[in-house]
Amino acid sequence: MYCGKKILKVANEQNQPGKEPGERLARFLAHAGIASRRHAEELIATGRVTVNGAVVSTQGSRVDPAHDRVSVDGKPVQARQQLAYVLLHKPMGYVSAVSDPQGRPTVLDLLPPALHQLRVYPVGRLDRDTSGLLLLTNDGDFALRLTHPRYQREKYYEALVQGQVDVRALAALRRGVSISEDDGQHFTTSPAQVRQVRREGPDTWLALTIHEGHKRQVRRMLAAVGCSVLRLVRVRVGSLTLSGVASGAWRYLTEKEVARLLH
């Protein structure tokens, strides 16, 4: 348990090969906070549990929490919300949205049906041409904590820009530059940490760390100082990195990682 809510750590059983569909009834009751797993089995054995109005006394029976009505002693049992926290290594070409009216692939296409059923959504976004670390969740408080400006969440990017980079451009980024929003208004960015990492042929890789999250901010910052972006990757958010997560793959956050992001 974490913060009084269940954190989803494993894929839904109905999506695992060789598994019967649904969730074991005793497990469902335990997760709903009705009783321990052993006591839940006793409730089932003594005929105190009904599913869709019918008494179920067979151990190992399964239910679909999204559709079945479960009661104990005639009182409905509400499934405790399963909270999911996912780190995805987003490839280029995917839209950071739950759905896309233009029919383009979205980041949810990279996740299993179990997470779709839990209604996870991206925390912030990476534009379609940007790859890297993207978080998804169904916890609104968690999403707010990571996106609200007052929490100053640090984000680290690596950008391949065309040609060599003038030292004056780096100095401007470190001071803060004026960028245009979609509505035409101008915004001055906070000072960024920026340095040259390496050369790739005639082009240059830069490392940038920012705390804000305006739309296409890094690309717009670099454009403001005359740098043309060839490739952009977000490699870290807070203490989270892409280590061990291949492009297109994902993993659940640990309880410690979630706690660290919330504090």
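Up top is the structure.
This text gives an overview of the structure that appears in the document. Worth saying up front: this structure is predicted, and the values here are computed from it rather than measured.

### Structural notes on the packing of aromatic side chains
Point 1. Per the counting criterion, the structure on display carries 2 aromatic pairs.
Point 2. Summarising the aromatic geometry, the rings of W250 and Y252 are spaced 5.0 Å apart at their centres and angled 90 degrees between planes, so their arrangement reads as edge-to-face.
Point 3. Looking at W250, the relative accessible area reads 25%, which means it is partly exposed.
Point 4. Taking the relative accessible area as the measure of exposure, Y252 reaches 14% and is therefore buried.

### So, the nonpolar core
Point 1. Ranked by internal contacts, the top residues of the largest apolar core, which has 36 residues, are L115, L136, V161, L173, L208 and L222.
Point 2. In this structure, V161 is in contact with D203, T204, L206, L222, C227, S228, V229 and L230, ignoring residues within four places of it in sequence.
Point 3. Ranked by size, the runner-up nonpolar core spans 17 residues in total, among them Y85, L87, L133 and L253.

### Notes on the pattern of salt bridges
Point 1. Going through the model one piece at a time under the given rule, you end up with 10 salt bridges.
Point 2. When the shortest N-O distance is used, the salt bridge between R48 and D73 registers 2.7 Å. One end of the pair, R48, is in the loop between helix 2 (37–45) and strand 3 (49–51); the other, D73, is in the loop between strand 6 (70–72) and strand 7 (75–76), with 25 residues separating them in the sequence.
Point 3. A relative accessible area of 47% places D73 in the partly exposed class.

### A look at the layout of surface pockets
Point 1. Taken as a whole, the largest pocket holds about 710 Å³ of empty space.
Point 2. Around the largest pocket, the lining comprises 31 residues; the ones closest to its centre are G124, R125, G213, H214 and R234.
Point 3. Broken down by secondary-structure element, the contributors of at least two residues to the lining of the largest pocket are strand 11 (130–137), helix 4 (140–147), strand 12 (155–161), helix 6 (217–224) and strand 17 (229–237).
Point 4. Of all the elements, strand 17 adds the most residues to the lining of the largest pocket, at 3 residues.
Point 5. Of the residues in the lining of the largest pocket, the class split is 11 nonpolar, 10 polar and 10 charged.

### Digging into the sheet that holds strand 6
Point 1. Within the open sheet, the 4 strands sit side by side as 4-3-6-7. Their pairing is antiparallel. The strands lining the two open edges of the sheet, one partner per strand, are strand 4 (54–55) and strand 7.
Point 2. The sheet contact formed by strand 3 and strand 4 spans 2 bridges and is antiparallel. Bridge pairing links V51 to A54 in strand 4.

Thresholds applied
Residues numbered from 1 in each chain as written. Predicted model: local features only at pLDDT ≥ 70, side-chain atom pairs only at ≥ 80, totals over all residues. Heavy atoms only, no water. Phe/Tyr/Trp six-rings, centres within 6.5 Å; stacked < 30°, edge-to-face > 60°. Buried < 20%, exposed > 50% of the residue type's maximum accessible area, 1.4 Å probe, protein only. Core = buried A, V, L, I, M, F, W, Y, C linked by side-chain atoms within 4.5 Å. Contact = heavy atoms within 4.5 Å. Salt bridge = Lys/Arg side-chain N within 4 Å of Asp/Glu carboxyl O. Helix = DSSP H or I, 4+ residues; strand = E, 2+ residues; numbered from the N terminus. 1 Å grid on protein atoms, 1.4 Å probe; cavity = no way out; pocket = protein on both sides within 12 Å on 5 of 7 lines; lining within 4 Å. Points joined across faces, edges and corners; volume = space filled by probe spheres on them. Nonpolar A, V, L, I, M, F, W, Y, C, P; charged D, E, K, R; others polar. Pairing = 2+ DSSP bridges.

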